[in-house]
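What follows is each chain in one-letter form.
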Amino acid sequence: MKIVVLVKEVPDTYGDRTLDLETGLAQRDAGDRVLDEIGERALEAALSHADATADVEVVLLSMAPEAATTSLRRGLAMGARSAVQVVDEGLIGADLGLTAQVLAAALERIGFDLAITGNLSTDGTGGVLPAMIAELLDVPAATALTAVRIGDGEVAGIRASDTGTVEVAAALPAVISVTEALPDARMANFKGIMAAKKKPFETLSLDDLGIDPLDPEWSRSIMIAVSEKPPREAGVKIVDEGDAGQKLADFLIENRLA
């Protein structure tokens, strides 16, 4: 079985996030880039299955700038067998449609029985890529899983909602996405870090995948403007002079909060 885990390098959530007002892209300092935690949880699900099952190959896949290689090596150090990175200048500022198209084409090229992703990245927070990729590949999608069970020819899991839980299952090949309810990822040890330096690492371009990012046959989102969020204004201060209750009621009514 070949399990491909889609991972993404994102700005560290502990740091400040700012946009370049010329490009609209997030500014990412070298020391502020990490593998998205939800992608690490997806990788842990794949590695746990590989630990318990013979003949399971875990492959990392990412569409990212060349500088993200270091982050992908971290995934190899955790236990993935190989990695594939799609790097191309034509992907700068790629929208969800182009991203899904590229990742689906890469999955077809790699070959897979199961593709695992996080349900929601911490930078873009689109939350739709797993379903878009499955649609392009014409395979089942089981999304937002809080538990995963990988079997012979099938993947199953539990999806939680506000009113209960539902168990879903799909025949392989399939695409699934997982939530933060899955276990934390394992730590890479020294042996894994050293081994990661020798593991296969393939870099692909748009030409390798046969994709034209400007192809008019595909719908694209185009950014037309970007601006800084306005500074937060001071709130209304009510001083109690015996009529604070009335002032508060008037404020709530005026702002349609009551």
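Now for a look at the structure at hand. Bear in mind that the values here come from a model prediction, so they are computed numbers and not experimental data. (Residues numbered from 1 in each chain as written. Predicted model: local features only at pLDDT ≥ 70, side-chain atom pairs only at ≥ 80, totals over all residues. Heavy atoms only, no water.)

1. Concerning the side chain of Ser177
Argument step 1. Along the polypeptide, Ser177 turns up in strand E10 (residues 174–178).
Argument step 2. Take Ser177: its relative accessible area is 1%, and that puts it in the buried class.
Argument step 3. Look past the residues within four positions of Ser177 in its chain and what remains in contact with it is Thr117, Gly118, Asn119, Pro130, Ala142, Thr143, Ala144 and Leu145. (Helix = DSSP H or I, 4+ residues; strand = E, 2+ residues; numbered from the N terminus. Buried < 20%, exposed > 50% of the residue type's maximum accessible area, 1.4 Å probe, protein only. Contact = heavy atoms within 4.5 Å.)

2. Structural notes on the pairing of strand E8 (residues 154–160)
Argument step 1. Pairing between strand E7 (residues 141–150) and E8: 5 bridges, direction antiparallel. Within the sheet, the bridge partner assigned to Leu145 lies in E8 and is Arg159.
Argument step 2. When E8 meets strand E9 (residues 165–171), the two strands line up antiparallel, connected through 7 bridges. Residue pairing in the sheet places Ile158 in a bridge with Glu167 of E9. (Pairing = 2+ DSSP bridges.)

3. Considerations on the pairing of E7
Consecutive side chains along a regular strand alternate between the two faces of the sheet.
Argument step 1. Here E7 runs beside E10; their pairing, made up of 3 bridges, is parallel. Following the sheet pairing, Leu145 is matched in E10 by Val178.
Argument step 2. Counting the residues that bridge the hairpin from E7 to E8 gives 3 residues, and of these Gly153 lies at a positive phi of roughly 85°.

4. Points about the nonpolar core
Argument step 1. Val5, Leu114 and Ile116 are the most contacted members of the largest nonpolar core, which has 32 residues in total.
Argument step 2. Those elements giving two or more residues to this core turn out to be strand E1 (2–6), helix H1 (37–52), strand E4 (57–63), helix H2 (69–78), strand E6 (114–118), E7, E9 and E10.
Argument step 3. Of all the elements, H1 adds the most residues to this core, at 5 residues.
Argument step 4. Contacts of Ile116, omitting those with residues within four sequence positions, involve Ile3, Val4, Val5, Leu6, Ala42, Ala46, Ile150, Ile176 and Val178.
Argument step 5. Leu98, Val102, Ala134 and Leu206 belong to the second-largest nonpolar core, a separate cluster that totals 28 residues. (Core = buried A, V, L, I, M, F, W, Y, C linked by side-chain atoms within 4.5 Å.)

5. Structural notes on the pattern of salt bridges
Argument step 1. A complete count under the given rule lists 8 salt bridges for this structure.
Argument step 2. Linked by salt bridges that have partners in common, Glu37, Arg41 and Asp184 make up one network. (Salt bridge = Lys/Arg side-chain N within 4 Å of Asp/Glu carboxyl O.)

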